Amino acid sequence: MAAKIGVYLCSGCGIGEVLDPAGLLQVAEDDRRVALVRESDFFCGQDAGLIQGDVTDRVVDAVVLAACSPRFYVKVFDYGPGLPVVRVNLREQVAWCHESGSEDTQMLAEDALRMALARAGGSAVPEPFRLENPSRAILVVGGGLAGLTAALEAARAAYRVILVERENSLGGWLRNVYRCAPLRPPYAESAENPFHLLSREVESHPGIVVYRGASIERTAGGPGQFDVTVRQGERLLKERVGSIIVATGAGAYDPAKLTRLKNLAYGTSPNIIVSSKFEELALRGGGRVARPSDGREVRRAAFIQCAGSRDPEHLPYCSAACCVETLKQAQYLLEPDPDCTVFIYYRDLRANGQYEHFYKKVQEEGAVFIQGEVVHVADRGGSLSVEADDLSLGCRSRVEGLDLVVLATGMIPDVAGGGPEQGALKLDYRQGPELPALKYGFPDSHFICFPYETRRTGIYAAGSVREPMDLVTTLEDAAGAALKAIQCVEMTARGQAVHPRALDVSYPEFNMSRCTQCKRCTEECPFGAINEDAGSNPLPQITRCRRCGTCLGACPERIVSFKDYSVALISSMIKAIEVPDGDEEKLRVLVFACENDAYPALDLAGAAGLKYNAWVRIIPLRCLGSLNPVWIADAMSRGIDGVLLMGCRQGEDYQCHFINGSELARTRIMNVSETLDRMGLEAGRIKMVEVEIIDYTKIPAILDGFADELAALGPNPLKGF
Amino acid sequence: MKTLKGAGAAQPLLYDCGFAREIYALEGGAQLKRCMQCGVCAVSCPSRQEMDYTPRRLFSLIRAGRKEEVLDANTIWVCTSCCTCRVRCPRGIDILGLMHELQFYYLRSWFKVHSRASFQQAFWQELRERGRIGEAGVMLRCWLKEGGLTGAVLKSLEMKGTGLRLLRRGRLRLIPPKIEGLTGLNKIIDKALAQQGYAE
Amino acid sequence: MVGGGISGLTAAVEAAEAGFDVLLLEKKPGLGGRVAQLNLYFPKLCSPNCGLEIIFKRLAANSRFRFLTSAEVIAVSGGEGSFEVVVNLKPTFVKENCTGCGRCAEVCPAERPNAFNFGFDRTKAAYLPHRLAFPYRYVIDGEACRGPSCARCTAACPYGAIDLEMEARTLILKAGSVIWAAGWEPYDTARLGNYGGGRYPNVITNMVLERMASPGGPTSGKILRPSDRREPASIAFVQCAGSRDENHLRTCSGVCCLVSLKQAAYVRECCPEARLAMFYIDIRARGFYEDFYARVREGTGIELTKGKPGEIREDPATGNLLVLVENQLNGRVLEENFELVVLAAGMAPSALCAGLPASARDRDGFVSPVLAPGFYAAGCATRPMEVAPAVRSGAAAALRAVQWLGRRGHGR
């Protein structure tokens, strides 16, 4: 705990014109932990040395800097891991958005300083959680294109790799593929299947251990110390790895289910086949495709796209790769024999990006593209026909005398229910053995910004197990996942958190003597970081922790604390707020702002010069998921008139960097309203809003609107108690 | 705009690739394969109001092997060679050239005489016989082909007003002189046709 | 790292967190690239600033990360382990000790068209690149600035951060590996004469609509017709404006279908009554984006017409636009009237740059993800892509760029 706080009051960037420094000085002087106060208008520039000097001379053991937002000059005001720096946001959140020289603005600034002093005084210096002998090895599960690529790319960076493949040979899906869709710019020519080359390179790489015909029996531990039990036949092998790449790939949509698509007549003729079967025929025939019924060479064929995909009854999504795969398959017929006739039925030809060249090439080779819906496929004595509502002709059309009809079936992730890889990891986690999934069974992640992050720290999904993707995307995806896996082992070895609180060395500690085994922390942790022992006691696995503080917010007994973030610490900040008597008609509104979105939005409102009431007192939280309801009770009993929670968007399109923080906070405040009732307070004193950074223009309406609602309720009756 | 035969009827249109292959074999005909049915040509054509089918639809009919619909349609004949479709075609198809090829194809292989085809033939006859184009000669030849002698007389009477006005202003010569070196010109034309594979 | 857009930033932050030293060079005065200009991402319809903010936050605290803005790479030479990168530092006339207080802009008498908003509004010659700028530092537009004879900003700046005499500098930097992430540019729709791009005020590009719809944009988030600043009653989205076209960009840009669908979704929010229509060749909503396509189709009532418009004509009296397109079902040419047309302009690879030999580009102008040992490329410099693959491509390039260090025992 800091005992010699240095307070540095900046008057630059307009702060000095809005605030009276004497009042702030008084606040600092009133706190007996303050060892020294300095003033300047340029701490970030020419006076930066002043603070550094005090730190070097050990005059201070904590710095409270009342200046601009903590979002700026992070490195300038960084004095090493042993010295807490607490920033008081006087620029963006006071001087730039409140009336100059007003009593309310001054009170806001002084409260902000008191809160910062409470925080600095109550924070201890976090010590990184270092494993004794962290493993830097990387486990890759799945030996298909994504797995082989990830393994090789990681090994090329000199990391030891363990590759586990369920089949007896490597290659996955590609083993049954004749040629590949274009892999290199300008993406106009199909490519040789790279799997022989890849698997040979993987098998001969000294840094890669390959277990074929193997599966995982159990995965325990966490990043830096995953203990993986691999079963290979009768043998059980133990491996310790630092991180895991899941590249179990995708499987084809169950052809049996296609029989429900009556129009495609799948199952009624040996010559109506799925695309994987066609690939197999081409591979077996060395490029020549013989039709299944009589082995005759195929001279006339139709390919039907979206067999099962883009269909609410089957796969509502598009399987991404099939259009380009079909283009390639059409070439199998057209290239050796330009007199072959190939029809391709499609809804939208999805040859995105540079694949457009490939599309054009296959057109030039003579494939006939028919846009429309297939209404009927039939086999009459070995001669097949297809009927479709033909968009380009504007009427129904028919093709007869076909030797073969190929249905382009979609892909489903192999971790999803039904796939042969179900149970690929068998995680020894309280929250279940597999990766929590998004819609359709693909692993959950913020798939736009942070695609590799699953909800299990140190376990990264790569390739089509995460979403339907083509080969080019898979190659890149696998390399990226390898970097994430490397990053994870390195950061874990340094005792740092991984994304999104990268570099953070604080971690939650549990005061077990007061635990009541309520299991809230183990259930609510979005990353499954807390296991349970036989007596239902939480067993935190620190290297799995992302440091969001959800456990801290979940615990009714307040036993979870970080060195610099705890229930008591935030409570002390709330207690530092001076609450005027009810008859002064000065509301006090406590705002808990998510530090990732809402807090920057508040900054932006200030930078844009938007004005709002000076009754708000803002406490940034790591995530609203770390909101402990006790803080609301604290605020209410202090006489604060209302509490506003500013979090990010919930639901399917959630934005929370910790998956469901604001959702958890909402549940918690719903429970709090009962408590409020008991205290004789209105539920309307607590409100939650979803705020994105770009919503900064709405900040005044949100804050002033809530103040109006509180004014209508009248002052908190608990004021002065 | 023509409605497709069989469109909406119980019988679906049957794809027959033989005709398409014939067309693909024409000079530049293979470009047609590249068509992605975007429809820019349809909009870009100044004669689109006159056309039975837009070029895009014509190409889809060729692909489907609908020889009769394709050659019965006036599309290839009302093309004014303005080249806009060719300039705009996102697939870079020389649509204009294709139209000309289709015209030749028609004349070579189709048993019917299309009204627009008779104009084409009259144009070439006049050129080969006189070495230049005289409006009166071309039109008379055209009307003779279309309606025989009676038809030509009736049509001439119908157009008499226009003809007289043109005559008064000196824009029309009833019998323009032949050019010198007509034989040479015909040799050039023959050679060009032979080079393109159209020798009789 | 050449380029501070989403793929460059991702490569930088991922490599720095893995423990490698990164120096990022950005041509523009601020980081964030094209995504900083976007209103919302598809399919989540969330603001790109959220993702940028967390990247900036991670970078701001990372001592392994350094960057230079207004820094243009003019040559790259050498090989793995010993590259030499020649950088031209353009003068911004504001030094690094700028605190972002904004006094300079308050007193500046000169104005410039705001390139960030495609010239739809103006800023002072001393300006902040945009509200969420990183670094949060003002710059002065040398062309608009009245120069040392004015110098009001110099007098107003409390921190002596302004140097109107600043000159361009050339730096030679050393790097072990190079990642090229120079990104893309919206295709110049002025070259689409038949669409009236650049000629008709109410024919705008999708990027302009992004800025317009952004709460921080030139119209504070309102969708207004440029000609009369009125809310349009009908909007047409014209796909493949330059893409999939032998005369312009021969590739499909891969993202424009989804961009237009996204725009339809947010336009529907602010113009609930407007008629929305989209003209396309194929709707290329691959993978999970199909869900989004279905959601927008049903949720916005957008009219979807298969067919590429051949022409757009303006009625000079009203500024309204006639879109000519073939209805493929019956072969008729439709002539539809709209008050605003949004061209889905394609992604062109960023212009030729001396730092990269022309031979490194493929026939579309994109560069291979692996240019040479130690020299890699990421993001839209390699092929047209949306944000999610650009992020992954950044991470992939970062891995390749650190492999040689790994082999030398880095970190162990």
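Residues numbered from 1 in each chain as written. Chains lettered and ligands numbered in written order. Predicted model: local features only at pLDDT ≥ 70, side-chain atom pairs only at ≥ 80, totals over all residues. Heavy atoms only, no water.

Structural notes on the overall build of chain B
Counting its secondary structure elements, chain B contains 11 helices and 1 strand. C-alpha extents for chain B along the principal axes are approximately 55 × 40 × 30 Å. Considering chain B as a whole, with its 200 residues, one finds that 46% of them fall into the buried category. A total accessible area of about 10400 Å² is found for chain B, and carbon and sulfur atoms account for 55% of it. Where the 32 positive side-chain charges of chain B centre and where its 18 negative ones centre are 5 Å apart. (Helix = DSSP H or I, 4+ residues; strand = E, 2+ residues; numbered from the N terminus. Buried < 20%, exposed > 50% of the residue type's maximum accessible area, 1.4 Å probe, protein only. Areas by Shrake-Rupley, 256 points an atom, 1.4 Å probe, with all protein chains shown as cover. Lys, Arg positive; Asp, Glu negative; His and termini not counted. Charge placed at Lys NZ, Arg CZ, Asp CG, Glu CD.)

Some details on the sheet that holds strand S18 (residues 368-380) of chain A
Ordered in space as S15(A)-S21(A)-S16(A)-S17(A)-S18(A)-S19(A)-S20(A)-S1(B), the 8 strands form an open sheet in which the pairing is mixed. Here the strands that pair on one side only, and so sit at the sheet edges, are strand S15 (272-274) of chain A together with strand S1 (13-14) of chain B. In the sheet, strand S19 (residues 383-390) of chain A pairs with strand S20 (residues 395-402) of chain A via 6 bridges, with the strands oriented antiparallel. Bridging from a neighbouring strand, Asp389 of chain A pairs with Arg396 of chain A of S20 of chain A. (Pairing = 2+ DSSP bridges.)

Here's the deal with a negative patch on the surface
A surface patch of like charges, here negative, comprises Asp581, Asp583, Glu584 and Glu585 of chain A. With respect to the helices and strands, the residue Glu585 of chain A is situated in the loop between helix H15 (567-575) and strand S29 (589-594). (Patch = residues over 30% accessible without salt bridge, like charges linked within 9 Å, V, L, I, M, F, W, Y side chains within 5 Å. Salt bridge = Lys/Arg side-chain N within 4 Å of Asp/Glu carboxyl O.)

Structural notes on the domain arrangement of chain B
All names here are of chain B. As far as domains go, chain B holds domain 1 (17-108) and domain 2 (115-196). One C-alpha centre belongs to domain 1, the other to domain 2; they are set 26 Å apart. With 7 residues of domain 1 at the interface, the matching set in domain 2 holds 6 residues. Across the interface of domain 1 and domain 2, roughly 660 Å² is buried in total on both sides, 65% from carbon and sulfur atoms. On the domain 1 side of the interface with domain 2, the three residues burying the most area are Trp77, Phe104 and Leu107, jointly 61% of the side's total. There are 0 salt bridges connecting domain 1 and domain 2. For the interface between domain 1 and domain 2, the tally reads 0 residue pairs in polar contact (both at pLDDT 80 or more). Breaking the side of domain 1 that touches domain 2 down by element, the ones donating at least two residues are helix H5 (75-78) and helix H7 (95-109). If one sorts the elements of the side of domain 1 that touches domain 2 by residue count, H7 sits on top with 5 residues. (Domains from an automatic or database assignment. Contact = heavy atoms within 4.5 Å. Buried area = accessible area lost by both parts, 1.4 Å probe. Polar contact = N/O pair within 3.5 Å; in protein donor to acceptor, adjacent residues only side chain to side chain.)

Concerning the packing of helix H6 (residues 145-156) of chain A against helix H7 (residues 195-204) of chain A
All names here are of chain A. Relative to each other, H6 and H7 sit at 45°, their axes nearing to 10 Å. The angle between H6 and H7 places the two elements in the oblique class. Crossing angle aside, the handedness with which H6 passes H7 is left-handed. Mapping the contact onto sequence places Leu145, Leu148, Thr149, Leu152 and Arg156 in H6 and Leu198, Ser199, Glu201 and Val202 in H7. Residues that form the contact of H6 with H7 fall into these classes: 5 nonpolar, 2 polar and 2 charged. (Axes fitted to C-alpha atoms, helices over the stretch in contact; angles between N-to-C directions. Parallel < 35°, antiparallel > 145°, perpendicular 65-115°, else oblique. Left-handed = near helix turned anticlockwise from the far one by under 90°. Nonpolar A, V, L, I, M, F, W, Y, C, P; charged D, E, K, R; others polar.)

Quick notes on the confidence of the model for chain B
Residues at a pLDDT of 70 or more form 90% of chain B, whose mean pLDDT is 86. With pTM at 0.93, the complex prediction returns an ipTM value of 0.96. (pLDDT = per-residue confidence, 0-100.)

Notes on the interface of chain B and chain A
Across the contact, 21 residues belong to chain B and 25 residues belong to chain A. Buried area between chain B and chain A, summed over both chains or domains, comes out near 1900 Å², and the portion from carbon and sulfur atoms is 55%. Inspection of the region where chain B meets chain A yields 2 salt bridges. With its nearest N and O atoms 3.1 Å apart, the salt bridge here joins Glu364 of chain A to Arg34 of chain B. Contributions of two or more residues to the side of chain B that touches chain A are made by S1, helix H1 (17-24) and helix H3 (55-64) of chain B. Taken together, the residues of the side of chain B that touches chain A sort by class into 11 nonpolar, 3 polar and 7 charged. As judged from the 2 bridges shared by S20 of chain A and S1 of chain B, these two strands associate in the parallel manner. From the neighbouring strand, Arg398 of chain A faces S1 of chain B, where its bridge partner is Leu14 of chain B.

Overview of the sheet that holds strand S9 (residues 169-175) of chain C
Residue and element names in this part refer to chain C. Across the sheet, 3 strands lie side by side as S3-S4-S9; this open sheet has antiparallel pairing. Of all strands in the sheet, those bounded by a partner on one side alone are strand S3 (71-79) and S9. The mean angle between the axes of side-by-side strands here comes to 20°, regardless of whether they run parallel or antiparallel. Where strand S4 (residues 82-89) lies against S9, 7 bridges are found, and the strand directions are antiparallel. By the bridge assignment for S9, Glu84 is matched with Lys174.

Notes on the environment of Thr305 of chain C
Residue and element names in this part refer to chain C. Mapped onto the secondary structure, Thr305 falls in strand S15 (residues 303-306). On a C-alpha basis, the gap between Thr305 and Ala277 in space is 7.5 Å, while along the polypeptide they are 28 residues apart. Those residues within four positions of Thr305 in sequence are excluded, and the remaining contacts are Met278, Phe279 and Tyr280.

Remarks on unusual backbone geometry
All names here are of chain C. Going from Phe42 to Pro43, the amide bond is cis rather than trans, its omega being -5°. Looking at the secondary structure, you find Pro43 in the loop between strand S1 (22-25) and helix H2 (48-60). Omega for the peptide link from Phe134 to Pro135 comes to 5°, which places this bond in the cis form. With respect to the secondary-structure elements, Pro135 resides in the loop between strand S7 (126-127) and strand S8 (139-140).

Topic: helix H19 (residues 699-713) of chain A
Residue and element names in this part refer to chain A. Taking 1.5 Å of rise per residue, 15 residues should cover 21 Å, and H19 covers 21 Å from first to last C-alpha, within 8% of that figure. Within H19, burial applies to Ile699, Pro700, Ile702, Leu703, Phe706, Ala707 and Leu710. At the C-terminal side of H19, Gly714 shows a positive phi close to 85°. (Expected span 1.5 Å × (residues − 1).)

Thoughts on the packing of aromatic side chains
Applying the stated criterion across every chain, the model contains 29 aromatic pairs over all chains. Summarising the aromatic geometry, the rings of Tyr73 of chain A and Phe77 of chain A are spaced 6.3 Å apart at their centres and angled 70° between planes, so their arrangement reads as edge-to-face. Since its relative accessible area comes to 4%, Phe77 of chain A is described here as buried. Here the aromatic rings of Phe343 of chain A and Tyr15 of chain B are separated by 5.7 Å at their centres, their planes lie at 85°, and the arrangement is edge-to-face. (Phe/Tyr/Trp six-rings, centres within 6.5 Å; stacked < 30°, edge-to-face > 60°.)

Things to note about the interface of chain A and chain C
Between chain A and chain C, the residue contacts involve 98 residues of the former and 87 residues of the latter. Summed over both partners, the interface of chain A with chain C comes to about 7900 Å²; 54% of that surface belongs to carbon and sulfur atoms. For the salt bridge of Lys360 of chain A with Glu246 of chain C, the shortest nitrogen-to-oxygen distance reads 2.4 Å. For the pair chain A and chain C, the interface holds 44 residue pairs in polar contact (both at pLDDT 80 or more). Within the residue set of the side of chain A that touches chain C, elements represented by two or more residues are H6, helix H11 (355-364), helix H12 (471-493) and helix H16 (598-607) of chain A. The element best represented in the side of chain A that touches chain C is H12 of chain A, accounting for 14 residues.

Here we look at H6 of chain A
All names here are of chain A. Taking 1.5 Å per residue, 12 residues should reach 16 Å; H6 reaches 16 Å between its end C-alpha atoms and fits that length. Every buried residue of H6 is listed here: Leu145, Ala146, Gly147, Leu148, Thr149, Ala150, Ala151, Leu152, Glu153, Ala154 and Ala155. Residue Ala158 follows H6 closely and has a positive phi angle near 70°.

Here we look at the side chain of Gln354 of chain A
Mapped onto the elements of the fold, Gln354 of chain A is located in the loop between strand S17 (341-346) and H11. Taking the relative accessible area as the measure of exposure, Gln354 of chain A reaches 3% and is therefore buried. Separated by 2.8 Å, the side chains of Gln354 of chain A and Asp362 of chain C make a polar contact. Filtering out sequence-adjacent residues up to four positions away, Gln354 of chain A remains in contact with Pro186 and Tyr187 of chain A together with Thr251, Cys252, Asp362, Asp364, Phe366, Thr382, Arg383 and Pro384 of chain C.

Concerning the environment of Pro55 of chain B
All names here are of chain B. Mapped onto the secondary structure, Pro55 falls in helix H3. Among the residues examined, Pro55 registers a relative accessible area of 3% and is labelled buried. With 127 residues separating them along the chain, Pro55 and Leu182 place their C-alpha atoms 36 Å apart. Contacts of Pro55, omitting those with residues within four sequence positions, involve Cys41, Ala42, Thr75, Ile95 and Met99.

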